[in-house]
Amino acid sequence: MHTHCASMAGYSETRLWNQAENDSTIRQPFLIGVSGGTASGKSSVCAKIMELLGQNKIDHRQRQVAILSQDSFYKELTPEQKAKAIKGQFNFDHPDAFDNELIMKTLCDIMQGEKVQIPVYDFVTHSRKDEFVTLYPADVVLFEGILIFYTQEIRDLFQMKLFVDTDPDTRLSRRVLRDINERGRELEQVLTQYITFVKPAFEEFCLPTKKYADVIIPRGEDNLVAINLIVQHIQDILNGGFNKRYNDFMNEHGSPRQQRTSESSRPH
């Protein structure tokens, strides 16, 4: 399954266009990754994109655009890890904290146009709930998270990669307010956790993945110029304009395979 999905990733765009050309009813979703540090505004950027596309008020079964969060895919903790987490001594910002196998399987199923069950994570008790959220097939899927570009086989599935780049002081102040108000944490614990785990993990694991981004969005949801450009691009995809432009380009320049062959045979 994973091998099939990984091999699919390399040809994802070509297959998207080919499928759209051959059968308008079967279209592989356009997968967009939205990364950035903690409280950088990834969810807000995704919500703004949904709002500008007029998708936020549509029933989730009918939406053309869907949002998915890496936060849903935290691993189940052992009793020892859970005891550490309650004291703020577990590193939730490390790549090992996420169930990458489940992320990969879920994204593969999404790419094949299947309906998927997304786990629900409870940040107060640090555990997965018994319930699931159903994600219905959509034309565009936004997947947001701090480390979604860290693992190559997951990174390669995205046809567009965005990185929300927000000032560290702004992120820290948002994180403090969110953890105290929404997750019932004490100020001292939030700050200790930030200094011990969150900041070092951001610098070691998240920030280096910024280089993989196609578009960097400074200031997050406040950057309406960048968000409007992305929304315009998504509208092109939803309206088929993207496929048309690609087909026009291919008719003019030949297939990607032909291009590679001709380029490799050029004298250097």
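Here, the structure is the one placed above.
Residues numbered from 1 in each chain as written. Predicted model: local features only at pLDDT ≥ 70, side-chain atom pairs only at ≥ 80, totals over all residues. Heavy atoms only, no water.

Helices and strands together make up the secondary structure of the protein chain, namely 11 helices and seven strands. Residue burial in the protein chain is summarised as follows: out of 268 residues, 46% are buried. Within the protein chain, contacts between residues at least 6 apart in sequence are counted, and of these 72% link residues at least 24 apart. For the protein chain, the accessible area works out to roughly 14200 Å², and carbon and sulfur atoms hold 50% of it. (Helix = DSSP H or I, 4+ residues; strand = E, 2+ residues; numbered from the N terminus. Buried < 20%, exposed > 50% of the residue type's maximum accessible area, 1.4 Å probe, protein only. Contact = heavy atoms within 4.5 Å. Areas by Shrake-Rupley, 256 points an atom, 1.4 Å probe, with all protein chains shown as cover.)

Listed as buried for helix H3 (residues 42–52) are Lys42, Val45, Cys46, Lys48, Ile49 and Met50. Packing partners of the buried residues in H3 comprise strand E1 (30–36), strand E2 (65–69), strand E5 (140–144), strand E6 (160–165), strand E7 (215–218) and helix H9 (224–238). In the segment just after H3, Gly54 is the residue with positive phi, at about 70 degrees.

Geometry of an aromatic ring pair is reported as the spacing of the ring centres plus the angle between the planes. For the structure shown, the criterion picks out eight aromatic pairs. For the ring pair Tyr74 and Phe98, a centre distance of 4.5 Å and an interplane angle of 20 degrees mean the geometry is stacked. With Tyr74 in the loop between E2 and helix H4 (79–86) and Phe98 in the loop between H4 and helix H5 (100–111), this pair connects stretches of sequence that are 24 residues apart. The same class applies to Tyr74 and to Phe98, which are both buried. For Arg155, the ring lying beneath its charged end belongs to Tyr212, and the centroid distance is 3.7 Å. Over the face of the ring belonging to Phe202 we find Arg171, whose NZ or CZ atom lies 4.2 Å from the ring centre. (Phe/Tyr/Trp six-rings, centres within 6.5 Å; stacked < 30°, edge-to-face > 60°. Lys NZ or Arg CZ within 6 Å of the ring centre and 35° of its normal.)

The next thing to look at is the sheet that holds E2. Judged by pairing direction, the sheet is parallel, and its five strands sit side by side in the order E2-E5-E1-E6-E7 without closing on themselves. Looking at strand neighbours, the two that pair on one side only are E2 and E7, the edges of this open sheet. Taking the axes of each pair of neighbouring strands and ignoring which way they run, one obtains an average angle of 20 degrees across the sheet. Direction of pairing for E1 relative to E5: parallel, over a ladder of five bridges. Bridge pairing in E5 places Leu31 opposite Val141. (Pairing = 2+ DSSP bridges. Axes fitted to C-alpha atoms, helices over the stretch in contact; angles between N-to-C directions.)

When you line up the elements, Gln232 lands in helix H9. On the basis of relative accessibility, which here comes to 44%, the residue Gln232 falls in the partly exposed class. For the pair Gln232 and Leu53, spaced 179 residues apart in sequence, the C-alpha separation works out to 8.9 Å.

Moving on to the pattern of salt bridges. Tallied over the full model, the rule gives nine salt bridges. A salt bridge links Lys210 to Asp165; its shortest N-O distance comes to 2.9 Å. Of this pair, Lys210 sits in the loop between helix H8 (187–206) and E7 while Asp165 sits in strand E6, placing them 45 residues apart in sequence. One network of salt bridges, in which partners are shared, links Arg175, Arg178, Asp179, Arg183 and Arg185. (Salt bridge = Lys/Arg side-chain N within 4 Å of Asp/Glu carboxyl O.)

The next thing to look at is the nonpolar core. Formed by 37 residues in total, the largest nonpolar core has its most connected members in Leu68, Leu107, Phe143 and Phe158. If you list the elements that add at least two residues to this core, you get E2, H5, strand E3 (116–122), E5 and H8. It is H5 that contributes the most residues to this core, six residues altogether. Excluding residues within four positions of it along the chain, Leu68 makes contact with Phe73, Leu107, Ile110, Ile118, Leu135, Leu142, Phe143 and Glu144. (Core = buried A, V, L, I, M, F, W, Y, C linked by side-chain atoms within 4.5 Å.)

It is worth spelling out the packing of H3 against H9 at this point. Their axes nearest at 10 Å, the elements H3 and H9 cross at an angle of 55 degrees. When the axes of H3 and H9 are compared, the pair comes out oblique. For H3 against H9, the interelement crossing comes out right-handed. Residue-level contacts link Val45, Lys48, Ile49 and Leu52 of H3 to Leu224, Ile227, Asn228, Ile230, Val231 and Ile234 of H9. Here the residues of the contact of H3 with H9 are counted per class, giving eight nonpolar, one polar and one charged. (Parallel < 35°, antiparallel > 145°, perpendicular 65-115°, else oblique. Left-handed = near helix turned anticlockwise from the far one by under 90°. Nonpolar A, V, L, I, M, F, W, Y, C, P; charged D, E, K, R; others polar.)

We now examine unusual backbone geometry. Backbone geometry at Ala39 places phi at a positive 55 degrees, although glycine is not the residue there. Ala39 gets classed as buried once you look at its relative accessible area, which sits at 14%. The phi torsion at Arg219 lies on the positive side, around 70 degrees, for a residue other than glycine. Within the element layout of this structure, Arg219 appears in the loop between E7 and H9. With a relative accessible area of 49%, Arg219 lands in the partly exposed category.

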